[in-house]
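# Observations on the three-dimensional arrangement
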Amino acid sequence: MKPSTPRIAFEHLAVDFGATRALDDISLTVEPGEIVGLLGHNGAGKSTLLNVATGVIPATAGSFSIDGVAVGRRITPKEATALGITVIHQEPALAQNLSILDNIYLARSEPGWSKQKAQAAREALSAVGADLPLDMPVEALGLGERQLVDLARGLLGGDMKVLLLDEPTAALGKAETDSLHRLILAFAAAGTSVLYVSHRLPDILEVCTRIVVLRGGELVVDGPTEQFTAARLAEALVPDIRSVDFEHVEAGAERVGIDRPGGRIEVRAREVVGLFGMAGGEQFDLAAQLAGADDATRLRYDLDGRSTEFRSTSKAIRSGVFFVPADRETEGLIGAESALDNVILPWLGRFGTGGWWVSARSGRSVYERARKALDIRGPGAEAEISQFSGGNRQKHLLARWLYPVAPRLLVLSQPTQGVDVGAKVDIVEGVRGAAAAGAAVVVASSESDEIASMCDRAYVLHGDTIVEIPRTPSFNEDLLDALLVSGERSRADRTELAEGQNR
């Protein structure tokens, strides 16, 4: 029997960014109708692979082909679309101020209305299950609807041969996710090949028949979905990083108590507790609510035995509750200010916990102490923060909430995201040092290795379910195992969905 021609094939693909190799000798094929889950922690190379396929960046070496026909290394996004390659991002690339019709035809023809264009657009929208007025501005649509418009745009060119999904469900609710998954299954049944990137493991298990794992730019695992256990996923996903051997000091009295529908979350002084869940999961909302950083929802919880609710981060700060957001560039650092000011500005001339305050003179001493403690490298204190590397900028943001005033409760959202190995170790040591000095620390993350690298124990959050995971030699595996419990249900749902498509 003659073997089938892969729909898309990457052969010995490599991508370099200066001295950094983002992809290293990747060979991967996807058959027509196959749905492949592409996993890997931040920086593994997943988005880089998708960017090569869509013409966003050129490959340094190697090649890829569509239906056995070689594709040039320097194709444009428009040429990729003409080849039948469609990509859907977490936030679709649409012009918010234009209509649905103009977005569907964006970069294809002159904007405007015609009967032929309108009919083709309606047919494309119908094919993805969207009943939307063509003259509606995209800014009036919800995220799920914008994704459908993006899919319709991909269908307009004719046959959708390859569908690339980059964290498409990160901001979707369950109903929208189920609807998107039904659509993916329908496309696959019609012969479209799908590469599905996601941190949400249950979503991958729900629709994918095969899983590929990238780590450090290399393909390390490739196999059928049913072969994957929590242990195998943990082994494949955890990067080869230098770990921190931290001492587990005896925890103090309960600092934080949160009553949730699925149970109670407790955090004690002198311990670091993780909140682990899927990308875009409720652990991040909970972290923001603890520090009064969620404008939409306030949280009432016990802080040192007293019922507490913060209406703003400034009120939380006055109580010693400090928050380090995940987006350091837009929510944390002040780009045009100096490194020194980024650390001490919130405290300059203000009384902190215990009546302590920072002056311009003492602030410089605090900055130098923080710089030494976190091994901050780069230009001097007066240099703009933008002149430092990503890892060193993250250290400055952490230093702001560690050293001018000691935290009572330190809340961190993905504190080591997007930083290199050495910076991760320095950050973990800084966080553990704060806990040893008496702080209670909460770390919210969707990366199991991040939780395992610094936490004494963790809570896995998924919907109304809360599972406490103690620190054991299998800590990382246990985190994934608890999250994958819902994946067992998802596999049954996947079978039911597939059967529904075939009826």
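Figured I'd write up the structure that's included with this text. Everything numeric in this text was worked out from a predicted model, so none of it was measured.

## Quick notes on unusual backbone geometry
You will see that aspartate 25, though not glycine, has its phi angle at about 55 degrees, which is positive. Within the secondary structure, aspartate 25 sits in strand 2 (residues 20-30). A positive phi angle, near 70 degrees, is found at arginine 270, a position not held by glycine. Structurally, arginine 270 can be placed in the loop between strand 12 (263-268) and strand 13 (272-276).

## Re the sheet that holds strand 19 (residues 457-462)
The six strands are arranged 16-17-18-13-19-20 in an open sheet whose pairing can be described as mixed. On the outer flanks of this sheet lie strand 16 (321-324) and strand 20 (465-470), each paired with one strand and no other. In this sheet, neighbouring strand axes are inclined to one another by 20 degrees on average, regardless of whether the strands run parallel or antiparallel. As paired strands, strand 13 and strand 18 (residues 440-445) are joined by five bridges and run parallel to one another. Bridged to valine 273 within strand 18 is valine 442. Sheet strands touched by helix 9 (residues 282-290): strand 13, strand 16, strand 17 (409-413), strand 18 and strand 19. Its angle to strand 18, the strand with the most contacts, is close to 145 degrees. Those strands touched by helix 14 (residues 390-402) are strand 16 and strand 17, and its axis lies near 175 degrees from that of strand 16.

## Some thoughts on the packing of helix 5 (residues 143-156) against helix 6 (residues 174-189)
Between helix 5 and helix 6, the shortest axis-to-axis distance is 10 Å and the interhelical angle comes to 15 degrees. In terms of axis orientation, helix 5 runs roughly parallel to helix 6. Considering only the axes of helix 5 and helix 6, their crossing is left-handed. Residue-level contacts link Gly144, Gln147, Leu148, Leu151 and Leu155 of helix 5 to Glu176, Leu180, Leu183 and Phe187 of helix 6. Grouping the amino acids of the contact of helix 5 with helix 6 by side-chain chemistry returns six nonpolar, two polar and one charged.

## Describing the sheet that holds strand 2
Taken in spatial order, the four strands line up as 2-1-4-5 in an open sheet, and their pairing is antiparallel. The open sheet has two edge strands, strand 2 and strand 5 (69-71), and neither has a second partner. Strand-to-strand twist of the sheet, defined as the mean angle between neighbouring strand axes without regard to direction, takes the value 30 degrees. One ladder, built from five bridges, connects strand 1 (residues 8-17) with strand 4 (residues 61-66); its direction is antiparallel. Paired with glutamate 11 across the bridge in strand 4 is serine 63. The strands that helix 1 (residues 46-53) touches are strand 1, strand 2 and strand 4; relative to strand 1, the one it contacts most, it runs at about 115 degrees.

## Describing the pattern of salt bridges
Evaluation of the coordinates by the stated rule reveals 19 salt bridges. One salt bridge connects arginine 21 with aspartate 16, and the closest N-O pair in it is separated by 2.7 Å. For arginine 21, a relative accessible area of 38% puts it in the partly exposed group. Overall, aspartate 16 belongs to the partly exposed group, its relative accessible area being 28%. In this structure, the salt-bridge partner of arginine 377 is aspartate 375, at a minimum N-O distance of 2.9 Å. Residue arginine 377 is classed as exposed on the basis of its relative accessible area of 55%. By relative accessible area, aspartate 375 is classed as partly exposed at 29%. Three or more residues joined by partner-sharing salt bridges are found here, namely Glu254, Asp259, Arg264, Glu266 and Asp302.

So, how was this worked out
Residues numbered from 1 in each chain as written. Predicted model: local features only at pLDDT ≥ 70, side-chain atom pairs only at ≥ 80, totals over all residues. Heavy atoms only, no water. Helix = DSSP H or I, 4+ residues; strand = E, 2+ residues; numbered from the N terminus. Pairing = 2+ DSSP bridges. Axes fitted to C-alpha atoms, helices over the stretch in contact; angles between N-to-C directions. Contact = heavy atoms within 4.5 Å. Parallel < 35°, antiparallel > 145°, perpendicular 65-115°, else oblique. Left-handed = near helix turned anticlockwise from the far one by under 90°. Nonpolar A, V, L, I, M, F, W, Y, C, P; charged D, E, K, R; others polar. Salt bridge = Lys/Arg side-chain N within 4 Å of Asp/Glu carboxyl O. Buried < 20%, exposed > 50% of the residue type's maximum accessible area, 1.4 Å probe, protein only.

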